[in-house]
Amino acid sequence: MAQITAALVKELREITGAGMMDCKKALVECDGDKDKAIDYLREKGISKAAKKAGRIASEGVVAAAYDAASNTACLVEVNSETDFVAKNDNFKALVKKIAEHIIATKPADIDALNASMLDGKTVADVMTEAVASIGEKLSLRRFVVYTSENKLATYIHMGGKIGVVVELSGGSDELAQDIALQITAQKPQSIDRSGVDPEYLDHERAVLRAQALEEGKPENIVDKMVEGRLNKTYKEICLVEQEFFKSSEHETIQDILGNVKVIRFTRFEMGEGLEKKNEDFAAEVAAQIK
């Protein structure tokens, strides 16, 4: 009998998308012949998920969970191929279960989450079985988990299109919820100026300088103009400098926070960044066709 190594099982799993135990059984049944094991899994209907592997999962939902006992909150994004599946009750139940599992286990990263046990199976295997059941490629894309002694709040917008989790140094539940709503609506890049990406600032300065010169402004005042225009940019991208969406008196977020500090926040918008992946995938397919 051929030796069934862990590496061979892993390779078969990557090819077929089947669970580890199913792959091991297939290799045992086929005396270690990988190609025959692939056919075996296909015949059994176990590798159905593999047929979906090349597709792009660019729909889906962002979900949140919160546990008051441990003061832990999380966001997770799970992608599907179609919005129809994203609205499916079974899919929503799966995402909710994974969010609650993240709260309970607090995995370090996606690899740790996929390897963690949920209902007696790894999360990776749970996802594979869901692909076979639902009939679309599903992707457990990303998550974040906050555990803190401070004030936490989450908000999910448009049934899972956008999700936010935020941590404040104190304040009321209403204040925390308002800040979460602000982040959802206004999409800040950072809490304050210290958190703005230096590369982004360099790019903005270069663009604004070129604009000023194009307008025919004198060289000796261009730099002051650039910094003045950059201050307007800060008011758009820095959370504490944004105008509070509920205010009729032009109050900023800093005004309503008072002595309360925003410690951190995360904003997931479903599918953001996947457009580029889709383009790369399409280019790869086109190259293969040629």
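Residues numbered from 1 in each chain as written. Predicted model: local features only at pLDDT ≥ 70, side-chain atom pairs only at ≥ 80, totals over all residues. Heavy atoms only, no water.

## Side note on helix H3 (residues 34–44)
Here comes step 1: The set of residues buried in H3 consists of Ala37, Ile38, Tyr40 and Leu41. The buried residues of H3 occupy an angular sector of 160 degrees when the element is viewed end-on, so they sit on one face. Set apart from the buried face of H3 by more than 90 degrees, the exposed residues are Asp35, Lys36, Arg42 and Glu43.
Here comes step 2: Contact partners of the buried residues in H3: helix H1 (6–16) and helix H2 (20–29). (Buried < 20%, exposed > 50% of the residue type's maximum accessible area, 1.4 Å probe, protein only. Helix = DSSP H or I, 4+ residues; strand = E, 2+ residues; numbered from the N terminus. Arc of directions from axis to C-beta. Contact = heavy atoms within 4.5 Å.)

## With respect to the confidence of the model for the chain
Here comes step 1: Of all residues in the chain, 90% have pLDDT values of 70 or greater, and the mean over the chain is 88.
Here comes step 2: Averaged pLDDT values for the elements of the chain fall to 47 in helix H12 (residues 274–289) and rise to 98 in strand E7 (residues 162–168). (pLDDT = per-residue confidence, 0-100.)

## Section: the nonpolar core
Here comes step 1: In this structure, Val76, Phe91, Met127, Leu138 and Leu140 are the most contacted members of the largest nonpolar core, which totals 25 residues.
Here comes step 2: Elements that contribute at least two residues to this core include exactly strand E1 (59–67), strand E2 (72–80), helix H4 (83–86), helix H5 (89–105), helix H7 (123–134) and strand E5 (139–147).
Here comes step 3: If one sorts the elements of this core by residue count, H5 sits on top with seven residues.
Here comes step 4: For Leu140, the residues in contact, after removing those within four places along its chain, are Val76, Glu77, Val78, Ile98, Ile110, Leu113, Asn114, Val123 and Met127.
Here comes step 5: Listed in part, the 18 residues of the second largest apolar core include Val164, Leu175, Ile183 and Val260. (Core = buried A, V, L, I, M, F, W, Y, C linked by side-chain atoms within 4.5 Å.)

## Quick notes on the sheet that holds strand E8 (residues 262–269)
Here comes step 1: A sheet is described by the order of its strands in space; here three strands give the open sequence E6-E7-E8, paired in antiparallel fashion. Both edges of this open sheet fall to strand E6 (151–157) and E8, since each of them pairs with a single strand only. Recorded for the sheet is a direction-independent mean angle of 10 degrees between the axes of neighbouring strands.
Here comes step 2: Summarising the sheet, E6 and E7 pair through seven bridges and their orientation is antiparallel. Across the sheet, the residue bridging to Thr154 is Val165, located in E7.
Here comes step 3: In the packing of helix H8 (residues 173–186) onto the sheet, contacts are made with E6, E7 and E8, and the angle to E7 comes to roughly 135 degrees. (Pairing = 2+ DSSP bridges. Axes fitted to C-alpha atoms, helices over the stretch in contact; angles between N-to-C directions.)

## Some thoughts on H8
Here comes step 1: Between the first and last C-alpha of H8 there are 20 Å, a value that for 14 residues agrees with the 20 Å anticipated at 1.5 Å per step.
Here comes step 2: Buried within H8 are the following residues: Leu175, Ala176, Asp178, Ile179, Ala180, Gln182, Ile183 and Thr184.
Here comes step 3: Here the buried face of H8 lies against E6, E7, helix H11 (253–257) and E8.
Here comes step 4: Taken from the residues just after H8, Lys187 is the one with a positive phi, measuring 50 degrees. (Expected span 1.5 Å × (residues − 1).)

## A few points about unusual backbone geometry
Negative phi values dominate among residues other than glycine, just as trans dominates among peptide bonds.
Here comes step 1: Positive phi values are uncommon outside glycine, yet Lys187 reaches one of about 50 degrees.
Here comes step 2: Tracing the sequence through the fold places Lys187 in the loop between H8 and helix H9 (198–214).
Here comes step 3: Its identity is not glycine, yet His250 carries a phi of approximately 60 degrees, on the positive side.
Here comes step 4: With respect to the element layout, His250 can be found in the loop between helix H10 (219–237) and H11.

## Structural notes on the pattern of salt bridges
Here comes step 1: Enumeration over the complete set of coordinates arrives at 22 salt bridges.
Here comes step 2: Among the salt bridges present, the one from Glu59 reaches Lys161, with a minimum N-O distance of 3.8 Å. Of this pair, Glu59 sits in strand E1 while Lys161 sits in the loop between E6 and E7; the two residues are 102 residues apart in sequence, bridging distant segments of the chain.
Here comes step 3: Its relative accessible area of 27% is what places Lys161 among the partly exposed residues.
Here comes step 4: The network of salt bridges with common partners includes Glu59, Asp83, Lys87 and Lys161. (Salt bridge = Lys/Arg side-chain N within 4 Å of Asp/Glu carboxyl O.)

## What about the packing of H1 against H3?
Here comes step 1: Put simply, H1 and H3 touch, their axes get as near as 11 Å, and they point 45 degrees apart. Relative to H3, H1 is oriented oblique. Two packed elements cross with a definite hand, and for H1 against H3 that hand is right-handed. Residue-level inspection shows Leu8, Glu11, Leu12, Ile15 and Thr16 of H1 in contact with H3, the latter providing Lys34, Ala37, Ile38 and Leu41.
Here comes step 2: Per-class residue counts for the contact of H1 with H3 are six nonpolar, one polar and two charged. (Parallel < 35°, antiparallel > 145°, perpendicular 65-115°, else oblique. Left-handed = near helix turned anticlockwise from the far one by under 90°. Nonpolar A, V, L, I, M, F, W, Y, C, P; charged D, E, K, R; others polar.)

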